[in-house]
Structure formats: C-alpha cells, structure tokens
Amino acid sequence: MNETGEPMGTGGVAALVAALPDPTVILDSQGLVLHANRAAFSLVDTLTPGQPLTHSLRSSALLEALTQTLSDGQSRRAAYETRGTTPRQFEAVVAAIAGGGPERATLLVQIRDLTREQQVERMRADFVANASHELRTPLASLTGFIDTLQGAARDDEQARTQFLDLMQAQAARMKRLIDDLLSLSRIEINEHLKPAAEVELAATVRQAADLLRPEAEKTGTPLHLDLATALPIMGAREELVQVFYNLIENALKYGASPRGIEIVARREGDQAVVSVTDHGPGIAAIHIPRLTERFYRVSVQDSRSRGGTGLGLAIVKHILNRHEARLAITSTVGQGTTCRVAFPAAE
Ligand code: ADP
C-alpha cells in the first residue's frame, strides 16, 4: 500500500524487490514471474519474467507450497536441494501479498541458502562426536584397570604398580585432550579480535624452543636456532608461544633425528617469517591439506603413542587466523617437513 492507501503500483513493487538483499521473486496468481531481484537472477540463472517460477526452480516441495498458498493465503516454507557435483540446500519462504494490486502481485518467494549453515551444524555435531569418542577411549581403559585391580589383581603387588602406571598414562592423555579442547574454544572466542600489542617475534620462538629443550635432548635431536632480531608483529604473546611450541613439538614427536631441527625467523619483504624444518619421515602429499582439521592424524595410533591429541595444528591454525598469518606445510617423504608461518609485519 502507498501513502494514500492504494495498492502499490508496478514501479513500487519492483523497486521494493530490487532493494532486498536475499533472492526474491514476485509471482502473479498463476505462479508466473512478475519481478525478481538481481540476487534471484544470479541464484537461478534460468529465471524468466512471464514464465512459471517452477520451470526454472524444479522442486515438488516448492510447487506444492505455491499451490497451497495461492489457495489459502497462508505463508509457508519449502525446503529443497539442488543437485550437481556439490548439492546445495535452500529454503523458500512463500507469502501471499494482500490486495494484489494493479500489477497482480500475488505471491512473494524469498530464498535462503542454508548450505553453509547446515555444513557448520554438521561440523559441530562431528566435533562433539569425535571429542566424546577420544575421551571415551582412555576412560574405558581406566575403567578396565579399576575392574582388574578390584578383582583378579587385588592382591598382586607387582600388577598393581604396573596398572597404576598405565592408569596414570591414560589420565594424562585425558588431561591433554581436555586442555587442548579448552585452548581451542578460548582461541575461537577471541578469534575475531585482532591483537593490539606489539610483540617481538623471535622472543616468542626462543621461549617455545627453550620449553622444549629437555624433550629435544631426550630424543637426541639438537635444535638449531637462527633468529633475526627486530621482527615486531602485532600479536598475543602467549598464543604465539603456543604456535611455535606446537610446531617444534610436532617436529620432535614425528621427526626426531640426530640431524636436528632448524628453526629460522627472518624478514622476507614486508613479512616476518618463521620456519621449523625437521629431517623426519615426512608427510605424504594427500594428507597435507587436512592436517589442520580437528582430530585429523596421518596415523591415529602413531599420534596416540606419542601423546598426540590431533588438535595441535587446529590450535595453530586458529591462532594464526587471529594474527592474519598463514601456515604452509611442505614435506618430502623420506626427507622431512617444513612448517612455515608468515606474519604481516607491524606498521
Ligand atoms: P597430534 O596431536 O596428533 O600431533 P597435530 O594436529 O599437531 O596433532 O598434527 C596432526 C598430524 O599431522 C599428526 O598426527 C601427524 O600425523 C602429522 N604431523 C604433524 N607434524 C608433523 C611432522 N613434523 N612430521 C610428520 N608428521 C607430522
């Protein structure tokens, strides 16, 4: 309706539809397209004014919703999926326009792309299932040891000592997992806040390396540091230490070798770059794009036996997102792996 209480004229409806951000189509009482906005044309490229909407959007759910809304005037929703190599999920809201008016605008159809929303929902569900499964495994083994200690091994001193050691290892694994899950959620909460303090990059790398020196000595893997000074970046100090800790720890866990690990920090153009290179067995190319996914491991057994949780590189990725930095992993099987992190230098 316009100011005088008359139904809106042709130009009015077209202008209104054009101003809406979501794909929107106006139909007449026969279901023929009267107006559609740019978003609708780019979503449904065969959309043609004067033609039935259902010719270009073939969905029985949508057809049924249009037919019912035309007959009873009630708004309703219809979900549909487009086929193809990557199916996408949509929801169409069908609403009756009261009054119709001179241009016979009768129905409004607004389309929402639910693909991303449903993907996020699925990822969240997968994550909860994975985390529960990872926690249940050590818990089951703890319960098993408790049963044995209460039963068959009740009076066996030697078995008791041995089982308590194993139980301690399982409890430590649960603790590592919970610590990593909490780190991940804390980092995610802050991910959109850009760090406001200036940090000297080399100092954070050195701190991480120092924390891991005992581990390096234990595995006979020298840490070779070559850190340029004066590499200021905008950063959160503790988070950066965690990034380099996780990368150097992985190099020690999977790539221990008497040839050692090279840890280099230097300026490259307008970027500050840190790289961690090991001379371990390397990683096959098919795994590399997935390593930063939560719980993705080349070998679950191998990671577990080394105290891994499968969350280390996911944590690295989230911290680096916050710092607008990029991680690149390159590896040659049989020769070793390099993890390279590039930060925009502070202004
Ligand atoms: P985890 O806790 O299992 O170490 P991460 O997310 O840190 O989890 O790493 C994921 C997987 O990537 C590891 O399980 C391992 O298979 C592989 N990986 C990471 N760093 C290296 C490396 N330097 N050499 C070989 N494999 C590696």
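This text gives an overview of the structure that appears in the document. Because the structure is predicted, anything quoted here is derived from the model rather than measured. (Residues numbered from 1 in each chain as written. Predicted model: local features only at pLDDT ≥ 70, side-chain atom pairs only at ≥ 80, totals over all residues. Heavy atoms only, no water.)

**Section: the environment of Asp-210**
Here is the rule we go by: In this text, helices come from DSSP runs of H or I with a minimum length of four residues, and strands from runs of E with a minimum of two, each type numbered from the N-terminal end. Each residue is assigned to one of three classes by its accessible area relative to the maximum for its type, calculated with a 1.4 Å probe on protein chains only: buried under 20%, partly exposed between the two thresholds, exposed over 50%.
For Asp-210, the location among the structural elements is in helix H7 (residues 201-218). Residue Asp-210 is classed as partly exposed on the basis of its relative accessible area of 42%.

**Digging into the sheet that holds strand E1 (residues 24-27)**
Stated precisely, the cut-off is as follows: For two strands to be treated as a pair, DSSP must find at least two bridges joining them. Working convention: axes come from line fits to C-alpha atoms, limited for helices to the stretch in contact. Angles between N-to-C directions cover 0 to 180 degrees. Contacts are assigned to residue pairs with any non-hydrogen atoms lying within 4.5 Å of each other.
On the basis of which strands lie adjacent, the open sheet formed by five strands has the order E2-E1-E5-E4-E3 and antiparallel pairing. Two strands lie at the open edges of the sheet, namely strand E2 (33-36) and strand E3 (76-82), each paired on one side alone. Each strand axis lies, on average, 25° off the axis of its neighbour in the sheet, ignoring direction. Here seven bridges tie E3 to strand E4 (residues 88-96), and the two strands are oriented antiparallel to one another. Bridging across to E4, Thr-82 finds its partner in Arg-88. Strands E1, E3, E4 and strand E5 (107-113) of the sheet are contacted by helix H4 (residues 60-72), whose axis makes an angle of about 160° with E3.

**Things to note about helix H5 (residues 115-150)**
Put simply, the rule reads: To estimate the expected span of a helix, count its residues, drop one, and scale the result by 1.5 Å.
Over its 36 residues, H5 extends 52 Å from the first C-alpha to the last, a length consistent with the 52 Å expected when each residue adds 1.5 Å. Taken together, the buried positions of H5 are occupied by Thr-115, Ala-131, Glu-134, Pro-138, Leu-142, Phe-145 and Leu-149. On the buried face of H5, the contacting elements are E4, E5, helix H6 (157-190) and helix H9 (300-305).

**Thoughts on the packing of helix H8 (residues 237-255) against helix H10 (residues 312-322)**
As a reminder, the rule being used: Should the near helix be turned anticlockwise from the far one by less than a right angle, the crossing is termed left-handed; should it be turned clockwise, right-handed. Lys, Arg, Asp and Glu make up the charged group, whereas Ala, Val, Leu, Ile, Met, Phe, Trp, Tyr, Cys and Pro make up the nonpolar group; the residues left over, Gly among them, are polar.
One way to put it is that H8 packs onto H10 with a least axis distance of 9 Å and a crossing angle of 145°. Considering only the axes of H8 and H10, their crossing is left-handed. Residues Glu-239, Gln-242, Val-243, Asn-246, Leu-247 and Asn-250 of H8 touch H10, and the partners they reach there are Gly-312, Leu-313, Ile-315, Val-316, Ile-319, Leu-320 and Arg-322. When the residues that make up the contact of H8 with H10 are grouped by side-chain class, the tally is seven nonpolar, four polar and two charged.

**Focus on the sheet that holds strand E10 (residues 271-278)**
Read across the open sheet, the five strands follow the order E7-E9-E10-E12-E11; overall the sheet is mixed. The outermost strands of the open sheet, each flanked by one partner alone, are strand E7 (223-227) and strand E11 (326-332). Strand after strand, the sheet turns through a mean of 15° between neighbouring axes, direction not considered. Here E11 pairs with strand E12 (residues 336-344) via seven bridges, running antiparallel. Residue pairing in the sheet places Ala-328 in a bridge with Arg-340 of E12. Sheet strands touched by H8: E7, strand E9 (261-268), E10, E11 and E12. Its angle to E10, the strand with the most contacts, is close to 25°. Where H10 meets the sheet, its contacts fall on E11 and E12, and the angle it forms with E11 comes to roughly 140°.

**Examining the packing of aromatic side chains**
Put simply, the rule is: Pairing of aromatic rings covers Phe, Tyr and Trp, the last counted by its six-membered ring, and requires centre-to-centre distances within 6.5 Å; plane angles under 30 degrees mean stacked, over 60 mean edge-to-face, and any other angle means tilted. Think of it as a cone above the ring: NZ of Lys or CZ of Arg counts as a charge over the ring if it is within 6 Å of the ring centre and within 35 degrees of the ring normal.
Within the structure shown, the criterion is met by four aromatic pairs. Judged by centre distance (5.4 Å) and plane angle (20°), the ring pair of Tyr-80 and Phe-90 falls under stacked. Remark: Phe-90 occurs in strand E4 and Tyr-80 occurs in strand E3; sequence separation between them is 10 residues. Since its relative accessible area comes to 3%, Phe-90 is described here as buried. One residue, Arg-294, lies across the ring of Phe-127, its end atom 4.4 Å from the ring centre.

It is worth stressing that arrangement in space is one thing and function is another; only the former is reported here.
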